[in-house]
Amino acid sequence: MKQMQPRQNYLGPGGWVWAGKYKLERYLYLLHRITGLGILLFLILHLCMTTIFRIQGQDVWEATMALLHNPWFKIGEYLVCAAFIYHALNGLRLILQELGFALGRPTPPVYPYKDALRKKRPWTIAMIAVIAILALVFFYDFIVGGW
Amino acid sequence: MRNTYLRLMQLVTGILIAVLLAIHIVIMHLNAILGFFGVDVTEPTSWESMIGRASQAIWVGLYIALLAVVLYHALNGLRGIILELTPSARTKRIATWVIIAFGIIAFIGGSYVPLALLIS
């Protein structure tokens, strides 16, 4: 087998954003990656907070919590929640479609063609609607709970 | 072949995280809406509430399981992104081992603290 040349069409991280005409699903993929990296960053901070600060006893914990109840941290927490909702639901859509569900029936290729992207588009729209509703529910709770 | 299994595990851990982390986030943040449905959650970040959860084996087990699957999913995802940038074989090897070492350290640290609090 001929050895593949991996860097022939290499675009690097710039290619995540633009490499020709991307459709909606491709931008969802980009957002999936960004939210994933953001949640990883939060996970590291969260683990430091719940291990290093918690083991030092009640006073350190309460001082940390007082700092984290600052409105800016609350906004950050809300963004992490929204990122999790997006990453989870988009991930479930990707898993279902990778395993062959929610793709629509195969049809004979008679003009006008119905490509796979257009058949699964309704599922994508439904997913975005559910994400928006859940994000609003969380937003309501963050407002009611006070920043 | 090896990466195929890592990828399959990524799907399985993804589904597990969607369930476990949803429980975690709803308990930690949706106290107004849980209160509407009759579940009383009093300030989950206070020391008393945290120690209350940390002294129950079921919560500790749930959190350590969540920690394991989250660390796998996050670090395998990060490794996937790094490998997609087509680094050299040497960089790939170094990145893989750094990620494995970080994961083991984070898992030991993150499971030692709740276990120590549970025992004490």
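Numbering of residues starts from 1 in each chain and follows the order in which that chain's sequence is written. Think of it this way: whatever chain is written first is A, whatever ligand is written first is 1, and the rest follow in order. Where local features are concerned, this predicted model is filtered to residues with pLDDT of at least 70; where side-chain atom pairs are given and counted, the filter is 80 or more; whole-chain, interface and lining totals use all residues. With hydrogens and water stripped out, all remaining heavy atoms of the structure feed into the side-chain values.

Student: Which residues make up the overall build of chain A, and what are the values?
Tutor: The way it works is that DSSP assigns letters per residue, a run of H or I at least four long becomes a helix, a run of E at least two long becomes a strand, and they are numbered from the N terminus. Helix and strand counts for chain A stand at five helices and zero strands. Taken from the N to the C terminus, the helices and strands of chain A come in the order α-α-α-α-α. The globule rule used here is 2.2 Å times the number of residues to the 0.38 power, and the radius of gyration it is set against is calculated over C-alpha atoms. Here the C-alpha radius of gyration of chain A, 21 Å, is well above what a compact globule of 147 residues would show, namely 15 Å. Its C-alpha atoms put chain A at 70 × 45 × 25 Å along the principal axes. Three labels apply to residues, based on accessible area from a 1.4 Å probe with only protein chains included: buried if under 20% of the type maximum, exposed if over 50%, partly exposed otherwise in between. Burial status across chain A gives 32% buried among its 147 residues. Note on definitions: a residue-residue contact is assigned when non-hydrogen atoms from the two residues lie within 4.5 Å. Long-range contacts, defined as pairs at least 24 residues apart, comprise 64% of the intrachain contacts of chain A with a sequence gap of at least 6. Only the protein chains shown count as cover for residues, and all accessible areas are computed by the Shrake-Rupley method using a 1.4 Å probe. For chain A, the accessible surface area stands at approximately 10000 Å², while carbon and sulfur atoms represent 72% of it. Charge counting treats Lys and Arg as positive and Asp and Glu as negative, with His and both chain ends excluded. Think of each charge as sitting on NZ of Lys, CZ of Arg, CG of Asp or CD of Glu. Computed over 15 positive and 7 negative side-chain charges, the separation of the two mean positions in chain A equals 21 Å.

Student: How would you summarise the nonpolar core if you had to cite specific residues and measurements?
Tutor: For soluble globular proteins, nonpolar side chains are generally found buried alongside one another. Of all hydrophobic cores here, the largest spans 32 residues; its most connected members are A:Leu43, A:Leu47, A:Phe84, A:Phe138, B:Leu21, B:Ile25 and B:Leu71. For this core, the secondary structure elements donating two or more residues are α2 (24–53), α4 (71–98) and α5 (116–145) of chain A together with α1 (2–29), α4 (57–84) and α5 (89–119) of chain B. In contact with A:Phe84, other than residues within four places in its own chain, are A:Ile39, B:Ile17, B:Ala18, B:Leu21, B:Ala22 and B:Ile25. Each nonpolar core is a collection of buried residues, namely Ala, Val, Leu, Ile, Met, Phe, Trp, Tyr and Cys, held together in the definition by side-chain atoms within 4.5 Å. Formed by seven residues, the second largest nonpolar core is a distinct cluster that contains A:Met65, A:Leu68, B:Met50 and B:Ala54.

Student: Please provide a residue-by-residue account of the pattern of salt bridges, values included.
Tutor: Counted as salt bridges are all cases of a side-chain nitrogen of Lys or Arg within 4 Å of a carboxyl oxygen of Asp or Glu. Counted under the stated rule, the structure contains four salt bridges over all chains. Salt-bridge contacts for A:Glu25 lead to A:Arg121; the nearest nitrogen and oxygen are separated by 2.9 Å. Of this pair, A:Glu25 sits in helix α2 while A:Arg121 sits in helix α5, and the two are 96 residues apart along the sequence. Residue A:Glu25 is classed as buried on the basis of its relative accessible area, which comes to 12%. For A:Arg121, a relative accessible area of 25% translates into the label partly exposed. Between A:Arg33 and B:Glu84 there is a salt bridge, with its nearest N and O atoms 2.9 Å apart. Linking A:Arg33 in helix α2 with B:Glu84 in helix α4, this pair reaches from one chain into another.

Student: Tell me about a nonpolar patch on the surface, and name the residues and values.
Tutor: A cluster of nonpolar side chains, namely B:Trp97, B:Ile100, B:Ile104, B:Phe107 and B:Ile108, defines an oily patch on the protein surface of about 500 Å² accessible area. In this fold, B:Phe107 is placed in helix α5. Here a patch means residues that are over 30% exposed by relative accessible area and free of salt bridges, tied together within 9 Å if like-charged and within 5 Å if nonpolar (Val, Leu, Ile, Met, Phe, Trp, Tyr).

Student: Describe the interface of chain B and chain A, listing the residues and the values that go with them.
Tutor: With 40 residues of chain B at the contact, the number on the chain A side is 37 residues. The term buried area denotes the loss of accessible surface (1.4 Å probe radius) that occurs when two parts are joined, taken as the sum for both partners. Together, the buried faces of chain B and chain A total about 3100 Å²; carbon and sulfur atoms form 74% of this surface. Remark: the boundary between chain B and chain A carries two salt bridges. With its nearest N and O atoms 2.5 Å apart, the salt bridge here joins B:Arg7 to A:Glu98. Each polar contact in these results corresponds to two N or O atoms within 3.5 Å; when the atoms are within protein, one needs to be able to donate a hydrogen and the other to accept it, and residues that are neighboring in sequence are counted only if both atoms are side-chain atoms. Linking chain B with chain A are four residue pairs in polar contact (both at pLDDT 80 or more), by the criterion used here. Elements with a minimum of two residues in the side of chain B that touches chain A: α1, α2 (31–36), α3 (47–54), α4 and α5 of chain B.

Student: Any chance you could break down the environment of A:Arg105 for me, citing the residues and the numbers?
Tutor: Take A:Arg105: it is sitting in the loop between α4 and α5. Remark: the alpha-carbon pair of A:Arg105 and A:Ala116, spanning 11 residues in sequence, is separated by 9.4 Å.

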